[in-house]
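The residues making up each chain are set out below.
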Amino acid sequence: MSKSRSSSSSSRTGSNNAVNPRHLTVDIKQATTVRQLQQLVQRHGSSMDHIHLAATVNTLGNWQQRGKLSSSKQQVQQLLAGIEQLPRLQQLLVQCRCWQLSQLVWGLGLLGHTHTGLFGACLNRFMQRQHDIDRSQHVSVVLYGAAKAGWQIEPGQVQQLLAALVRLLPGADPQAVANSLLAVATMGQTPTEQQLQQLLAALMRLLPDAHPRAVANSLWAAATMGGKVQMQQLQLLLQHLTSRLADVNPQDVANSLWAVAKLAQKLTEQQQQLQQLQNLQQLLASLASKLAAATPQAVANSLWACAQLRVYPAELFAALDSQQQWGRLLPAMTGQALANTALACAVLGHRDERLPAGLLQHALQLQTSSDAQLDIQAVCNLCWSVAVLDLQQQAGSVVQLVQAAASGQQQFIAEDLRQLHQAAASGVAAGWSAGGWQGPGRGPDTAAAAAVQ
């Protein structure tokens, strides 16, 4: 009875037990555990070439992306340490082609393995060979890997990579465009206005083949980078999202709504058109139907966007109440998310006594904790929101929040402290007057600048 080849024996052929390069590549790609990859590197490391190196790291990156390495972190680090000890590592990097270097940067980035010199060496080598890049995907995976790892590519290098990407746009796919935009925005970088418009134009051309998440991420990236998106482009992008609502998850909706609200600030003359877009209500209805999978931040950001666009999310509010989602969401919200939710209720005129009470309760809990205190802007916006809704029965809770905020004096500037102490001393109820809220807030306009955390 014949036996199947093991992953180690299949890499060697002949009487002298020499390595068969093709078999070793197959074994690396067919490995199913980190342990198997470790054994291959230990047994054949001295004979591994640049193809084997890229395949090993790429395999780990794929597993990481699919969530298969959560229980193998120590083994992964041991494996990567073994790779770094390969006797011909630097020579292998020199032999790597652009697509192999991109696999290395992408895989190491997803694994967060940037504390040694390997990641930087791979990235530098890729930059040295940038003129040989022949596919847009190679640029996008390098940018995405660096962004996932929290690595800051130098602005000049980002511009060079984007220039290469623009050059290759005729053969690009929508995922490469979207991932590149997302990565650059995540790293806090900005393309030139011309580059951004070229990338957006390519995305519009490729829209029929774009996954909704690629569209949502592109919108978020453009808004985060302070870019300009034409009204017609916004409409087409939103129409594409609503045409494939089955593939849209709550985070996609939140990112899209937040982006439209931010981008609309540069389209003030067309605010009314944005409010009338049926696509927004369809997205909100989709979020309402998938609330169980929505994160607290996604809900807060969506409500904030509705407030900025002056679009009342009736179905979303109804679903939040009927499904009793507030009990799950509020305790897990950050201070900014609580403040943005309160602000949305005030701007949109959503008067539900239970919700502001819950918002203040959890805000006070955060404020009195040692590691999650609210910043002054969140406190001011919460106070302003309760006042606008004329919820005088919540005055006591607001006073408590103001007093708790004032106790952490080292966190606030003198002007904020004077406002907080004045509010606490005079009583919140005195803040209601014909002229509006006179307490410790800076008004709703400043809160519009709040960004996704």
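Here the structure is a predicted model, which means the values were calculated and not measured. (Residues numbered from 1 in each chain as written. Predicted model: local features only at pLDDT ≥ 70, side-chain atom pairs only at ≥ 80, totals over all residues. Heavy atoms only, no water.)

Undergrad: Sorry, what's going on with the packing of helix 16 (residues 278-289) against helix 18 (residues 314-322) here?
TA: Axes are the key here: two packed helices are described by the angle between their axes and the distance separating the axes. The contact between helix 16 and helix 18 brings their axes to 8 Å, and the two run at 10°. In terms of orientation, helix 16 lies roughly parallel with respect to helix 18. Between helix 16, through Leu 284, Ala 285, Leu 287 and Ala 288, and helix 18, the contact on the second element is made entirely by Glu 315, Leu 316 and Ala 319. Taken together, the residues that form the contact of helix 16 with helix 18 break down as 6 nonpolar, no polar and 1 charged. (Axes fitted to C-alpha atoms, helices over the stretch in contact; angles between N-to-C directions. Helix = DSSP H or I, 4+ residues; strand = E, 2+ residues; numbered from the N terminus. Parallel < 35°, antiparallel > 145°, perpendicular 65-115°, else oblique. Contact = heavy atoms within 4.5 Å. Nonpolar A, V, L, I, M, F, W, Y, C, P; charged D, E, K, R; others polar.)

Undergrad: In this structure, what is going on with the nonpolar core? I would like to understand it.
TA: One broad rule of soluble globular proteins: the nonpolar side chains tend to lie buried together. By size, the foremost hydrophobic cluster in this structure holds 143 residues, and its most contacted members are Leu 60, Leu 104, Leu 143 and Val 177. By residue number, the principal contributor to this core is helix 20 (residues 335-348), which donates 9 residues. Setting aside residues no more than four positions away along its own chain, Leu 104 makes contact with Leu 53, Ala 54, Val 57, Leu 93, Cys 96 and Cys 122. (Core = buried A, V, L, I, M, F, W, Y, C linked by side-chain atoms within 4.5 Å. Buried < 20%, exposed > 50% of the residue type's maximum accessible area, 1.4 Å probe, protein only.)

Undergrad: Any chance you could explain the side chain of Gln 325 here in plain terms?
TA: Along the chain, the position of Gln 325 falls in the loop between helix 18 and helix 19 (326-329). A relative accessible area of 9% places Gln 325 in the buried class. The residues contacting Gln 325, other than those within four sequence positions of it, are Leu 291, Ala 292 and Leu 320.

Undergrad: What is the right way to look at unusual backbone geometry in this model?
TA: The bulk of non-glycine residues show a negative phi, and the bulk of peptide bonds are trans. Despite not being glycine, Gln 324 has its phi angle at roughly 55°, a positive value. Tracing the backbone shows Gln 324 in the loop between helix 18 and helix 19. One non-glycine residue, Asp 390, lies in positive phi territory at about 55°. For Asp 390, a relative accessible area of 39% corresponds to the partly exposed category.

Undergrad: Could you clarify how one ought to interpret the packing of aromatic side chains in this entry?
TA: The description of an aromatic ring pair uses the distance of the two centres, along with the angle that the planes make with each other. For the coordinates displayed, the defined rule picks out 3 aromatic pairs. Relative to Trp 151, the ring of Phe 119 lies with its centre 4.8 Å away and its plane at 55°, an arrangement referred to as tilted. With Phe 119 in helix 7 (residues 117-128) and Trp 151 in the loop between helix 8 (136-149) and helix 9 (155-167), the pair connects residues that are 32 residues apart, well separated along the chain. The exposure class of Trp 151 is partly exposed, given its relative accessible area of 26%. Both rings, one in Trp 220 and one in Trp 258, keep their centres 6.5 Å apart while their planes meet at 35°; by these two values the pair is tilted. Pair noted here: Trp 220 is in helix 12 (residues 212-224) and Trp 258 is in helix 14 (residues 250-264), with a separation of 38 residues, a long-range link. When its relative accessible area of 15% is taken as the criterion, Trp 220 is described as buried. Residue Trp 258 is classed as buried on the basis of its relative accessible area of 4%. (Phe/Tyr/Trp six-rings, centres within 6.5 Å; stacked < 30°, edge-to-face > 60°.)

Undergrad: Quick question: what am I supposed to make of the packing of helix 14 against helix 16 here?
TA: Relative orientation of the contacting elements helix 14 and helix 16 amounts to 150°, with a least axis distance of 9 Å. The crossing of helix 14 and helix 16 is left-handed. Each of Pro 250, Val 253, Ser 256, Leu 257 and Val 260 in helix 14 lies in contact with helix 16, whose residues at this interface are Leu 280, Leu 283, Leu 284, Ser 286 and Leu 287. Counted by class, the contact of helix 14 with helix 16 contains 8 nonpolar, 2 polar and no charged residues. (Left-handed = near helix turned anticlockwise from the far one by under 90°.)

Undergrad: I keep staring at the pattern of salt bridges and nothing clicks. Help me out?
TA: Note on pairing: side chains with opposite charge can pair once their charged atoms come close. Tallied over the entire structure, the rule returns 4 salt bridges. The partner of Asp 247 in a salt bridge is Arg 244, and the shortest N-O contact between them spans 3.1 Å. Two residues, Arg 354 and Asp 352, come together in a salt bridge whose shortest N-O distance is 3.4 Å. When its relative accessible area of 11% is taken as the criterion, Asp 352 is described as buried. (Salt bridge = Lys/Arg side-chain N within 4 Å of Asp/Glu carboxyl O.)

Undergrad: Any chance you could explain helix 6 (residues 98-110) here in plain terms?
TA: Side chains that are three or four residues apart share a direction in an α-helix, a result of its 3.6 residues per turn. Between its first and last C-alpha atoms helix 6 spans 18 Å; for 13 residues at 1.5 Å apiece the expected length is 18 Å, and the two agree. Judged by how many residues are buried, helix 6 sits mostly within the fold: 12 of 13 residues are covered. The set of residues buried in helix 6 consists of Cys 98, Gln 100, Leu 101, Ser 102, Gln 103, Leu 104, Val 105, Trp 106, Gly 107, Leu 108, Gly 109 and Leu 110. Buried residues belonging to helix 6 abut helix 3 (50-65), helix 4 (73-84), helix 5 (89-95), helix 7 and helix 8. One or two positions beyond helix 6, positive phi appears at Gly 112, with a value near 70°. (Expected span 1.5 Å × (residues − 1).)

Undergrad: I keep staring at helix 10 (residues 174-186) and nothing clicks. Help me out?
TA: The end-to-end C-alpha distance of helix 10, which contains 13 residues, comes to 18 Å, matching closely the 18 Å that a straight helix rising 1.5 Å per residue would cover. In terms of residue burial, helix 10 counts as a mostly covered element, since 11 of its 13 residues are buried. Restricting attention to buried positions, one finds in helix 10 the residues Pro 174, Ala 176, Val 177, Ala 178, Asn 179, Ser 180, Leu 181, Leu 182, Ala 183, Val 184 and Ala 185. Two or three places before Gln 175, at the start of helix 10, stands the capping residue Asp 173, its side-chain oxygen 3.1 Å from that residue's backbone nitrogen. One or two positions beyond helix 10, positive phi appears at Gly 188, with a value near 75°. (Polar contact = N/O pair within 3.5 Å; in protein donor to acceptor, adjacent residues only side chain to side chain.)

Undergrad: Looking at this structure, I do not really get the environment of Ser 47. What am I missing?
TA: As for its placement among the helices and strands, Ser 47 is situated in the loop between helix 2 (34-44) and helix 3. You can call Ser 47 partly exposed: its relative accessible area is 36%. Linking Ser 47 and Arg 88, residues 41 residues apart in sequence, is a C-alpha distance of 9.1 Å. The residues contacting Ser 47, other than those within four sequence positions of it, are Val 19, His 52 and Arg 88.

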